[in-house]
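Next come the chains, spelled out residue by residue.
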Amino acid sequence: MSQTPENGSEKSKEGAGCGPRKDDMADAVHPYGLHADLISDDAAPVDANSMLTKAESASSFLKALSHEGRLMILCHLSTGEKTVTELENLLSSRQAAVSQQLARLRLEGLVSHRREGKAIYYSLNDDRARRMIELVYDMFCGTPA
C-alpha cells in the first residue's frame, strides 16, 4: 500500500497541515477579500498609536451604524434629502425618536442639515456612510442570485 497525504503517512506539499506554502500565497485570497500581498510578513511595521487611533475611529463609525433606527435613517437618506417629517412618516416613528437619532448622526458627522422655513432637511454628509449603506443593502436587501 502506498503512502499518500490522505492517509497521513506522508507530508503533503503544503507542509505538516499548516496550510499553503508561502510560495503559493501570491495568488491566495483572504476570506475577507484581502489579497495575500496586503497581509504579508514583509509589510512595514504599523505604528501602534496610529493603529489605535484608526481603530477608535472605525469603532465610533460602526457604533453610529449599529442602531436599527439610525441605519434606517441612513438608508432613506441614501436616496436623497429628506425632512424630519418625511423621515417620521417613512419610519413610522415619533418626531422625538427621529430627532434623537439624527442628533447622533450629526454628532458623528454622517449627516448634514439645512433649514428652509420651518422644515429641516437632512442629507448624507459622509461618503463612508454612503458606501457602507450600499454594502449593507447589497448584503441584506438585494435580490438573491
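Quick caveat: nothing in here was measured; it's all calculated off a predicted structure.

(A) Main features of the pairing of strand β3 (residues 119-124). For strand β1 (residues 82-83) and β3, the ladder comprises two bridges, and the chain directions are antiparallel. If you follow Thr83 over to β3, its bridge partner there is Tyr121. As defined by bridge partners, strand β2 (residues 111-116) adjoins β3 across six bridges and the pair is classed as antiparallel. Note on β3: the bridge partner recorded for Ser112 is Ser123.

(B) How the structure looks around the side chain of Glu88. Structurally, Glu88 can be placed in helix α3 (residues 84-91). Look at Glu88: it is buried, it has no salt bridge, and the nearest opposite charge is Arg94 at 8.7 Å. The residues contacting Glu88, other than those within four sequence positions of it, are Ser93, Arg94, Gln95 and Val98.

(C) How the structure looks around the pattern of salt bridges. Applying the stated criterion to the full structure yields four salt bridges. We note a salt bridge from Arg114 to Glu116, for which the minimum N-O separation is 2.8 Å. Notably, a salt bridge pairs Asp126 with Arg128, separated by 2.6 Å at the nearest N-O pair. The class of Asp126 is buried, set by a relative accessible area of 13%. Accessibility expressed as a relative area gives 39% for Arg128, which makes it partly exposed. Through salt bridges that share partners, Glu81, Arg114 and Glu116 make up one connected network.

(D) Molecular detail of the packing of aromatic side chains. Tallying each qualifying case throughout the model produces zero aromatic pairs. Taking the ring centre of Tyr121 as reference, the NZ or CZ of Arg114 above it sits at 4.4 Å.

(E) Representation of unusual backbone geometry within the structure. Positive phi is not limited to glycine here, since Ser92 has a value of about 50°. With respect to the secondary-structure elements, Ser92 resides in the loop between α3 and α4 (95-107). On the basis of relative accessible area, Ser92 is assigned to the exposed category, the value being 70%.

(F) Representation of the sheet that holds β1 in the model. If you trace the three strands from one edge of the open sheet to the other, you get β1-β3-β2, paired in antiparallel fashion. Of all strands in the sheet, those bounded by a partner on one side alone are β1 and β2. Set on the sheet, helix α2 (residues 68-77) makes contact with β1, β2 and β3; between it and β3 the angle comes to about 90°.

(G) Looking closely at the nonpolar core. Counting residues in each nonpolar core, the largest one holds 17 residues, and the members touching the most others are Ile73, Leu74, Leu77, Leu102, Leu110 and Val111. Among the elements of the structure, α1 (48-65), α2, α3, α4, β3 and α5 (127-141) are those that each provide at least two residues to this core. Non-local contacts of Leu74, meaning those with residues more than four positions away in its chain, are made with Leu65, Leu105, Val111, Leu124 and Ile133.

(H) Looking closely at the state of the cysteines. On inspection of all chains with the given rule, the structure shows zero disulfides. No disulfide involves Cys141; its sulfur sits 6.2 Å from that of Cys75, the nearest cysteine.

(I) Geometry of the packing of α3 against α4. For the pair α3 and α4, interaxial distance at closest approach is 9 Å and the crossing angle is 110°. By the criterion of interaxial angle, the relationship of α3 to α4 is roughly perpendicular. Crossing geometry of α3 relative to α4 is assigned as right-handed. Contacts from Val84, Leu87, Glu88 and Leu91 in α3 reach Gln95, Val98, Ser99 and Leu102 in α4. Across the contact of α3 with α4, the residue classes break down as five nonpolar, two polar and one charged.

How each quantity is defined
Residues numbered from 1 in each chain as written. Predicted model: local features only at pLDDT ≥ 70, side-chain atom pairs only at ≥ 80, totals over all residues. Heavy atoms only, no water. Pairing = 2+ DSSP bridges. Helix = DSSP H or I, 4+ residues; strand = E, 2+ residues; numbered from the N terminus. Buried < 20%, exposed > 50% of the residue type's maximum accessible area, 1.4 Å probe, protein only. Lys, Arg positive; Asp, Glu negative; His and termini not counted. Salt bridge = Lys/Arg side-chain N within 4 Å of Asp/Glu carboxyl O. Contact = heavy atoms within 4.5 Å. Phe/Tyr/Trp six-rings, centres within 6.5 Å; stacked < 30°, edge-to-face > 60°. Lys NZ or Arg CZ within 6 Å of the ring centre and 35° of its normal. Axes fitted to C-alpha atoms, helices over the stretch in contact; angles between N-to-C directions. Core = buried A, V, L, I, M, F, W, Y, C linked by side-chain atoms within 4.5 Å. Disulfide = S-S within 2.5 Å. Parallel < 35°, antiparallel > 145°, perpendicular 65-115°, else oblique. Left-handed = near helix turned anticlockwise from the far one by under 90°. Nonpolar A, V, L, I, M, F, W, Y, C, P; charged D, E, K, R; others polar.

These figures capture arrangement, not role.
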